[in-house]
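Coordinate analysis (summary)
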Amino acid sequence: MKKTGLYIHVPFRIHKHNHRGTLSFSNMDFNIIPYFKHLKKEIDLRKDDNILIDSIYVGGGDPSAMNSDYIVEVLEYIYSHFNVAENCEKTIELDPLVPDFRLKNFIRHGINRFSIKAYTFDKKGLEYLDFSHEKDDIKNLVKLIRKHGIQNINLDMYFAYPGQTVKSLERDFLWIQKLNVPHVSFYSFLNYEDMDAIYRSKEDLEMSNSLEEDMLDAIAFMMAKQGYEHYEINHFAKHGMRSYHNQKYWNLEDYMGVGLGASGLVNNKLYRNQITFDKYFSDINNNKIPYLESEDLTLEEFEKNYIISKMGMMEGIDIAYVNKRFKIDLLKKYKTTIEDNLKANIIELEDGRLKFTEKGMYLSNKFYTEII
């Protein structure tokens, strides 16, 4: 059986702002019941006895903000319709205000990793970003998860949001150090689609741009000092605690996405689901897999996608492996691009691997554009 990850998209949220730039909606509760009904039907349409689900990720949206029975019913449906590995990593995103009874329900039904949408511990930052939780809610949730016997915890954090200073970022590091969670993800606020909804002025945006590079350096330095491995552009982990599911994306391994707007890569087919409820429901009611778009990748397209995805990891790409897998001579095929980026100190060659320099990690678009 082929090992495959599974992403489940829950497109409902309670916050007014969609800072993550994901496909999600507030004030759409009337779609919750029909959505989960159709989600199960999509799972029926995608049933495949030849795959082994070895990671599950429930994201959104705010999957923890609704009745947890909807989520656990889908999980149980998956367990009964697919082969699921005994050691399957099962992650769900959590709002820091999730009540304990929902947490217990998730754990009872197999969730063994939690990703907390903390974003910052700074009071002014949380107010500016218009979140309802406080730093104590994050701290208490981490304690509660550990009390229930789960140690595999991630914190999603923001940086370079309007009003943030290096000092407030340093306070975030102190809280991360106190909580000592095994995994932390840092996302630049400047990368999100709806940032105009929260930037109060052009000056805010310009100030955040000027601080971003300083903050990137500070994050890399402080996280290393606290014993975290910087293993992907946005991700830091203690030894042995990398996100198994996320590595499937970067290694271009098979992963199935179900739900509104979910993306997947299965048997070299890259796809994205319908992004409106009406079209998603309509396709499923007609027993059609709800593709918005799909593409069977050629070997060369897969090659380019692999290079771009794998270069996002600090370890970069194994040149011998790429040459063998795609039947190419990497250094010869991309000679001009590689030489130019080596001279610019964006990439480096070391021990048979091609990878970004620390500087190059944040100038990666130049390399990616040239590869494409």
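Residues numbered from 1 in each chain as written. Predicted model: local features only at pLDDT ≥ 70, side-chain atom pairs only at ≥ 80, totals over all residues. Heavy atoms only, no water.

As annotated in an unreviewed UniProt entry, the chain is Heme chaperone HemW from Helcococcus kunzii ATCC 51366.

**Quick look at the environment of glycine 59**
Stated formally: Each helix is a run of H or I in the DSSP string that is no shorter than four residues. Each strand is a run of E no shorter than two, and both are numbered from the N terminus. Burial status follows relative accessibility: with a 1.4 Å probe on protein chains alone, a residue under 20% of its type maximum counts as buried, one over 50% as exposed, and anything between as partly exposed. By definition in these notes, contact holds between two residues if any of their heavy atoms fall within 4.5 Å.
Position of glycine 59 among the secondary structure elements: in strand β2 (residues 51-60). Accessibility expressed as a relative area gives 0% for glycine 59, which makes it buried. Along the sequence, glycine 59 and proline 11 sit 48 residues apart, while their C-alpha atoms lie 8.2 Å from each other. Not counting residues up to four positions away in its chain, the partners in contact with glycine 59 are Tyr7, Ile8, His9, Val10 and Glu93.

**Remarks on unusual backbone geometry**
The omega angle of the peptide bond from glycine 60 to glycine 61 is 20 degrees, so this bond is cis rather than trans. Within the secondary structure, glycine 61 is located in the loop between β2 and α2 (68-81). Positioned with a positive phi, aspartate 130 is a non-glycine residue whose angle comes to about 70 degrees. Looking at the element boundaries, aspartate 130 is found in the loop between α4 (123-128) and α5 (135-147). Positioned with a positive phi, asparagine 180 is a non-glycine residue whose angle comes to about 50 degrees. Position of asparagine 180 among the secondary structure elements: in the loop between α6 (166-179) and β6 (183-188). Judged by relative accessible area, which is 43%, asparagine 180 ranks as partly exposed.

**Description of the nonpolar core**
For clarity, the cut-off: Each nonpolar core is a collection of buried residues, namely Ala, Val, Leu, Ile, Met, Phe, Trp, Tyr and Cys, held together in the definition by side-chain atoms within 4.5 Å.
The biggest cluster of nonpolar side chains holds 69 residues, and the ones touching the most others in it are Ile8, Phe36, Leu155, Ile176 and Phe186. If near-sequence neighbours (up to four positions away) are discounted, phenylalanine 36 is found in contact with Val10, Phe12, Met66, Tyr70, Ile71 and Val74.

**Things to note about the domain arrangement of the chain**
Condition: Where each domain starts and ends comes from a domain assignment, either automatic or drawn from a database. Here the quantity called buried area is the total loss of accessible area, with a 1.4 Å probe, experienced by two parts when brought into contact, counted for both. When a carboxyl oxygen of Asp or Glu lies within 4 Å of a side-chain nitrogen of Lys or Arg, that pair is called a salt bridge. Here a polar contact is recorded for every N or O atom pair within 3.5 Å, except that within protein the pair must consist of a potential hydrogen donor and a potential acceptor, and residues adjacent in sequence are included only if both atoms are side-chain atoms. In this count, Pro and Cys sit with the nonpolar residues alongside Ala, Val, Leu, Ile, Met, Phe, Trp and Tyr, while Asp, Glu, Lys and Arg are called charged and the others, Gly among them, polar.
Domain annotation for the chain reports domain 1 (2-249) and domain 2 (313-371). Each partner contributes residues to the interface: domain 1 has eight residues there, and domain 2 has seven residues. Where domain 1 abuts domain 2, roughly 740 Å² becomes buried across the two surfaces, and 65% of that area is made up of carbon and sulfur atoms. Here domain 1 and domain 2 share one salt bridge between them. Among the salt bridges present, the one from arginine 242 reaches glutamate 315, with a minimum N-O distance of 3.2 Å. Connecting domain 1 to domain 2 are two residue pairs in polar contact (both at pLDDT 80 or more). Elements with a minimum of two residues in the side of domain 1 that touches domain 2: α7 (202-225) and β7 (229-232). Class assignment for the residues of the side of domain 1 that touches domain 2 results in four nonpolar, two polar and two charged.

**A word on the layout of surface pockets**
For clarity, the threshold we go by: Here a cavity denotes grid points, spaced 1 Å and computed from the protein atoms alone, that fit a 1.4 Å probe unable to get out, and a pocket denotes an open set having protein on both sides within 12 Å along at least 5 of 7 lines; residues with an atom within 4 Å of a point are the lining. Grid points are joined across faces, edges and corners, and a volume is the space filled by probe spheres set on the points.
Reported here for the largest pocket is a volume of approximately 1,800 Å³. Among the elements that take part in the lining of the largest pocket, β6 stands out by supplying five residues, more than any other. Residue classes in the lining of the largest pocket are distributed as 20 nonpolar, 21 polar and eight charged. When residues of the lining of the largest pocket are sorted by domain, at least three fall in each of domain 1 (2-249) and domain 2 (313-371).

**Details of the packing of helix α10 (residues 299-310) against helix α14 (residues 364-371)**
As a reminder, the rule being used: Axis angles are defined between N-to-C directions and span 0 to 180 degrees, where every axis is a line fitted to C-alpha atoms and, for a helix, only to the segment in contact. Here the word oblique covers every angle except those under 35 degrees (roughly parallel), over 145 (roughly antiparallel) and from 65 to 115 (roughly perpendicular).
Look at α10 against α14: their axes get within 10 Å of each other, and the N-to-C directions meet at 170 degrees. Accordingly, the angle class assigned to the pair α10 and α14 is roughly antiparallel. Residue-level contacts link Lys304, Ile307 and Ile308 of α10 to Phe367, Tyr368 and Ile371 of α14. In the contact of α10 with α14, the residues fall into five nonpolar, no polar and one charged.

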